[in-house]
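Residues per chain are reported as follows:
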Amino acid sequence: MTKIAVWCRHNEDNIIGIGAKIPWHISSDFKRFRKITESENLVVGEKTYESFPNRTLPNRNIHILTLNSDYEVSDNAKHFVHNNIADFKDFEQDLYICGGATIYKLFMTSGNKLMPDVIVDSCYMGDIDNLEGQKINITPCGEIMQKLYQKVSPDYEQENVLTSIWIKKGDFIEQEVLKKLIKIISINH
Ligand SMILES: NC(=O)c1ccc[n+]([C@@H]2O[C@H](COP(=O)([O-])OP(=O)(O)OC[C@H]3O[C@@H](n4cnc5c(N)ncnc54)[C@H](OP(=O)(O)O)[C@@H]3O)[C@@H](O)[C@H]2O)c1
């Protein structure tokens, strides 16, 4: 089924996080992310999972990638541990790839069966908080997006965030998924 990467990156430097945190607080961006991923299957890296409040996001199945085979989740009914990205090659439902940088990069560089079919690219144009910690960017993913994907929507602007949809060139994309995403990003939250 369809694989959809969803991110919000900072304009020009492509930063998505500093330390464990996202260095901006845009409520419409969080709402858009919730609307896109509600009731869906998400895959995240262990660091991103640990950064969620109480290690959860309500009303979603969360798949956590970690190399630790003893990793314990906060909700055994809805959270699932994976030690190998290959588990997702034949994933039967739509899969929302939600970061962090390591996980976006892994999916975008591990071959056709794992590469996102669609990218929801949000770009924050404002200043970022001066937090302590390592700056985490997705510049390599942005370069792949520019080369192998095409933009199929305008930029929808809200609270200084520009959001658009990109699809992998030359592939068939499930139209229902695209319609759902366009509807969500085109409405003000
Ligand atoms: N702005 C946004 O849209 C957005 C979205 C999501 C996250 N973020 C930010 O991104 C940052 C986190 O990104 P990150 O790159 O440091 O961490 P991450 O991608 O969330 O997680 C990295 C972890 O994934 C696991 N992993 C890595 N390669 C693996 C593989 N081949 N197989 C299985 N597991 C593997 C490892 O876990 P183990 O060490 O446990 O083995 C690794 O430590 C945070 O600042 C977060 O807030 C921003």
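The rules behind these values
- Residues numbered from 1 in each chain as written.
- Predicted model: local features only at pLDDT ≥ 70, side-chain atom pairs only at ≥ 80, totals over all residues.
- Near = placed C-beta within 6 Å.
- Helix = DSSP H or I, 4+ residues; strand = E, 2+ residues; numbered from the N terminus.
- Nonpolar A, V, L, I, M, F, W, Y, C, P; charged D, E, K, R; others polar.
- Axes fitted to C-alpha atoms, helices over the stretch in contact; angles between N-to-C directions.
- Parallel < 35°, antiparallel > 145°, perpendicular 65-115°, else oblique.
- Left-handed = near helix turned anticlockwise from the far one by under 90°.
- Contact = placed C-beta atoms within 7 Å.
- Buried ≥ 20, exposed ≤ 12 C-beta atoms within 10 Å, placed from the backbone.
- Core = buried A, V, L, I, M, F, W, Y, C linked by C-beta atoms within 7 Å.
- Pairing = 2+ DSSP bridges.

Draft legend 1. Broad picture of the site of the ligand. Around the ligand, the surrounding shell holds 27 residues, and the nearest of these are Gly17, Gly45, Thr48, Gly99 and Gly100. Listed by contribution, the elements that provide at least two residues to the shell around the ligand are β1 (3–10), β2 (15–18), β3 (41–45), α2 (46–51) and α3 (101–109). For the shell around the ligand, the residue count by class is 14 nonpolar, ten polar and three charged.

Draft legend 2. Structural detail: the packing of helix α1 (residues 27–37) against helix α5 (residues 175–186). At their nearest, the axes of α1 and α5 sit 10 Å apart, and the two run at 160° to each other. Classified by the interaxial angle, the pair formed by α1 and α5 is roughly antiparallel. Note on packing geometry: the crossing formed by α1 with α5 is right-handed. Counted together, Arg32, Lys35 and Ile36 of α1 and Leu181, Ile184 and Ile185 of α5 form the full contact between these two elements. Here the residues of the contact of α1 with α5 sort into four nonpolar, no polar and two charged.

Draft legend 3. How the structure looks around unusual backbone geometry. Looking along the chain, the bond that leaves Gly99 and enters Gly100 is cis, with omega of -5°. Positive phi, close to 75°, is recorded for Glu12, a residue that is not glycine. With respect to the element layout, Glu12 can be found in the loop between β1 and β2. Look at Glu12 and you get exposed, because 9 C-beta atoms sit within 10 Å. One non-glycine residue with positive phi stands out, namely Asn59, at about 60°. Structurally, Asn59 can be placed in the loop between α2 and β4 (61–65).

Draft legend 4. The arrangement of the environment of Tyr149 in detail. Its place among the elements puts Tyr149 in strand β9 (residues 149–151). Overall, Tyr149 belongs to the buried group, with 22 C-beta atoms counted inside 10 Å. Not counting residues within four places of it along the chain, the set of residues in contact with Tyr149 comprises Ile119, Trp166, Ile167, Lys168 and Lys169.

Draft legend 5. How the structure looks around the nonpolar core. Ranked by size, the top nonpolar core spans 42 residues in total, and within it Val43, Ile97 and Tyr104 carry the most contacts. Apart from the residues within four sequence positions on either side, Val43 is in contact with His63, Leu65, Phe88, Leu95, Ile97, Cys98 and Ile103.

Draft legend 6. Inspection of the pairing of strand β11 (residues 161–168) at higher detail. Pairing of strand β7 (residues 118–124) with β11, which is carried by seven bridges, proceeds in the antiparallel orientation. Across the sheet, residue Cys123 finds its bridge partner in β11, namely Leu162. Taken together, the three bridges between β9 and β11 define a ladder with antiparallel strand orientation. Opposite Gln150, over in β11, you have Ile167 as the bridge partner. Two strands pair when backbone bridges link them, and strand β10 (residues 156–158) and β11 are joined in this way by three bridges, in the antiparallel orientation. Bridging across to β11, Glu157 finds its partner in Leu162. The turn linking β10 back onto β11 is made up of two residues, and Glu159 within it adopts a positive phi angle of 45°.

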